[in-house]
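# Report on the structure
Residues per chain, in single letters:
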Amino acid sequence: MLSVYVKYTKTMDNENITNIHEFDFNFICDFFLNTERQGPGSPEVTLKALSFIDNLTDNSHIADIGCGTGGQTMVLAQHAPGHITGIDFFPGFIDRFNRNAGKLNLQDRVKGVVGSMDNLPFREEELDLIWSEGAIYNIGFERGLNEWRKYLKTGGYIAVSEISWFTEQRPAEIHNFWMELYPEVDTIPNKVARIQKAGYIPVATFILPEICWTEHYYAPLATVREKFLAEYAGNKNAEEFVASSDHEEELYRRYKEFYGYVFYIAKKIV
Ligand code: SAH
C-alpha cells in the first residue's frame, strides 16, 4: 500500500474525478504502469489464499476488485477454473491488464473492465468469489465487506488483503502515520470480528511474508522511481511524490514488526 497513492486516490474518491489535476492522475499511472504489482503480495501468497477456496468450477464467476495491471489476476486465472472480471478505475491499468491476459492466452476467461468498486457492474448473487488484493481500503474494509456481499452467491467466498496491526500497541510515529491515511487499520482479531459482523464466516487469515513488501513491491519500485524522476526532472510534484514513497518504505523497514498485510478469507453462508 503506497501511502502517497492513498492520498491521491482519496482525493479522487471525495471529489469529482475530473477535478483532479491531470498530473496527479498521470503520476500514479506512470509510476505503477511498469510494475507487476501495485501493492504488496506475491504469486505464492495468491495461491495460498486460493487454497482455502473450494467451490470453483468452469462456470464460476470471479471478480478481482481493484485489480491494477492484473499481476495477481493472471496467477489466479492460471490456477482456478471459471471466468474472471477485473475491475479498476484507471483505464491505463485496465489496458495493460487486457494486454497481459492476451499475452498469456487467457483473454477468453479473463477480462478487465474500467469501473469503480462502489458501483460494481454485477447482478446480485452473481459471483462465486470476490478477490481483492491491497485495494479494499479505497472503499474501506467494513463498507466493502458490507456492500460487496450482495453480489456473492450463498456459499461464495471473499478473499481480501488489508493492512493490519500485529500488536495491541505500537510506536506513535507509525500509528499516527497510518491512522491519518486510513483510520480503519486495526488488529487481526478486530478485523475478523468485522468480517463476522458483516455476515460471513471467517475461514482463514494469514500474514503476508516480508518479502511481499521488500522483494515484490518496494524493490521493483526503486527502478521505476529512477525512470520516473528522470522523466519528470525539475517537477516539484513528482519529487514530492517520490519522497513520500521513500518515506513510506523507510517506515516499513523501521516498524515492520508492528504492521503488515494480512489476507482474510471468508464465506457467505446465508
Ligand atoms: N490488486 C493490485 C492493485 C492494488 S493497488 C495488486 O495487488 O497489485 C489498488 C488498486 O485499486 C489500484 O489499481 C487502483 O487504481 C484501484 N482503485 C482505487 N480506487 C478504486 C475504486 N474506487 N474502484 C476501483 N478501483 C480502484
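Residues numbered from 1 in each chain as written. Predicted model: local features only at pLDDT ≥ 70, side-chain atom pairs only at ≥ 80, totals over all residues. Heavy atoms only, no water.

### As for the overall build of the chain
A tally of regular secondary structure across the chain gives 10 helices and seven strands. Taking 18 Å as the expected radius of gyration for a compact globule of 270 residues, we find that the chain reaches 18 Å, a close match to that expectation. Dimensions of the chain along its principal axes, counting C-alpha atoms only, are 55 × 45 × 35 Å. Here the chain, with 270 residues, has 53% of them falling under the buried criterion. Of the contacts made within the chain by residues no fewer than 6 positions apart, 78% connect residues no fewer than 24 positions apart. As displayed, the chain offers around 11,900 Å² of accessible surface, 50% of which is attributable to carbon and sulfur atoms. (Helix = DSSP H or I, 4+ residues; strand = E, 2+ residues; numbered from the N terminus. Rg over C-alpha atoms; globule rule 2.2 N^0.38 Å. Buried < 20%, exposed > 50% of the residue type's maximum accessible area, 1.4 Å probe, protein only. Contact = heavy atoms within 4.5 Å. Areas by Shrake-Rupley, 256 points an atom, 1.4 Å probe, with all protein chains shown as cover.)

### Concerning the packing of aromatic side chains
Counted according to the given criterion, the structure contains 21 aromatic pairs. Measuring from ring centre to ring centre gives 4.3 Å for Trp213 and Tyr252, while their planes differ by 10°; the resulting arrangement is stacked. In this pair, Trp213 is assigned in helix α9 (residues 211-231) and Tyr252 in helix α10 (residues 236-255), connecting sequence segments 39 residues apart. Here Trp213 matches Tyr252 in class, with each residue buried. The structure contains a cluster of three or more aromatic residues connected by ring pairs, namely Trp165, Phe177, Trp178, Trp213, Tyr217, Tyr218, Tyr252, Tyr259 and Tyr261. Across from the ring centre of Phe206, 4.7 Å away, lies the NZ or CZ of Lys48, which sits over that ring. The ring of Phe141 has Lys191 lying over it, and the distance from NZ or CZ to the ring centre is 4.2 Å. (Phe/Tyr/Trp six-rings, centres within 6.5 Å; stacked < 30°, edge-to-face > 60°. Lys NZ or Arg CZ within 6 Å of the ring centre and 35° of its normal.)

### Some details on the environment of Arg253
Assignment of secondary structure puts Arg253 in helix α10. Residue Arg253 is classed as partly exposed on the basis of its relative accessible area, which comes to 43%. A sequence separation of 224 residues divides Arg253 from Cys29, and the C-alpha atoms of the two residues are 25 Å apart. Other than its neighbours up to four places away in sequence, Arg253 contacts Thr214 and Tyr218.

### Examining the layout of surface pockets
In this structure, the second largest pocket spans a volume of roughly 320 Å³. In terms of lining residues, the second largest pocket is bounded by 21 residues, among which Glu36, Arg37, Gly70, Gly71 and Gln72 are the most central. Secondary structure elements with two or more residues in the lining of the second largest pocket: α4 (71-79), α5 (91-103) and α9. Considering only residue class, the lining of the second largest pocket consists of seven nonpolar, nine polar and five charged. (1 Å grid on protein atoms, 1.4 Å probe; cavity = no way out; pocket = protein on both sides within 12 Å on 5 of 7 lines; lining within 4 Å. Points joined across faces, edges and corners; volume = space filled by probe spheres on them. Nonpolar A, V, L, I, M, F, W, Y, C, P; charged D, E, K, R; others polar.)

### Examining the confidence of the model for the chain
Reading predicted coordinates in detail is not appropriate for stretches of low pLDDT. Averaged over all residues, the pLDDT of the chain equals 91, while 91% of them reach at least 70. When the criterion is pLDDT under 50, residues 14-20 qualifies, and its contacts beyond four places in sequence or with other chains add up to six contacts. (pLDDT = per-residue confidence, 0-100.)

### A short note on a nonpolar patch on the surface
A surface patch of nonpolar side chains, amounting to about 410 Å² of accessible area, comprises Phe52, Ile201, Val203, Ile269 and Val270. With respect to the helices, strands and loops of the structure, Val203 is situated in strand β6 (residues 201-207). Among the residues examined, Val203 registers a relative accessible area of 37% and is labelled partly exposed. (Patch = residues over 30% accessible without salt bridge, like charges linked within 9 Å, V, L, I, M, F, W, Y side chains within 5 Å. Salt bridge = Lys/Arg side-chain N within 4 Å of Asp/Glu carboxyl O.)

### Considering unusual backbone geometry
A positive phi angle, near 60°, is found at Asn105, a position not held by glycine. Tracing the backbone shows Asn105 in the loop between α5 and β3 (110-114). Classification of Asn105 as exposed rests on a relative accessible area of 60%. The backbone of Glu125 shows a phi angle near 55°, a positive value even though the residue is not glycine.

### Points about the sheet that holds strand β4 (residues 127-132)
The seven strands are arranged β3-β2-β1-β4-β5-β7-β6 in an open sheet whose pairing can be described as mixed. Strands with a single pairing partner mark the edges of an open sheet, and in this sheet they are β3 and β6. Shown here is a sheet whose adjacent strand axes are inclined to one another by a mean of 20°, direction ignored. Two strands pair when backbone bridges link them, and strand β2 (residues 83-88) and β3 are joined in this way by five bridges, in the parallel orientation. (Pairing = 2+ DSSP bridges. Axes fitted to C-alpha atoms, helices over the stretch in contact; angles between N-to-C directions.)

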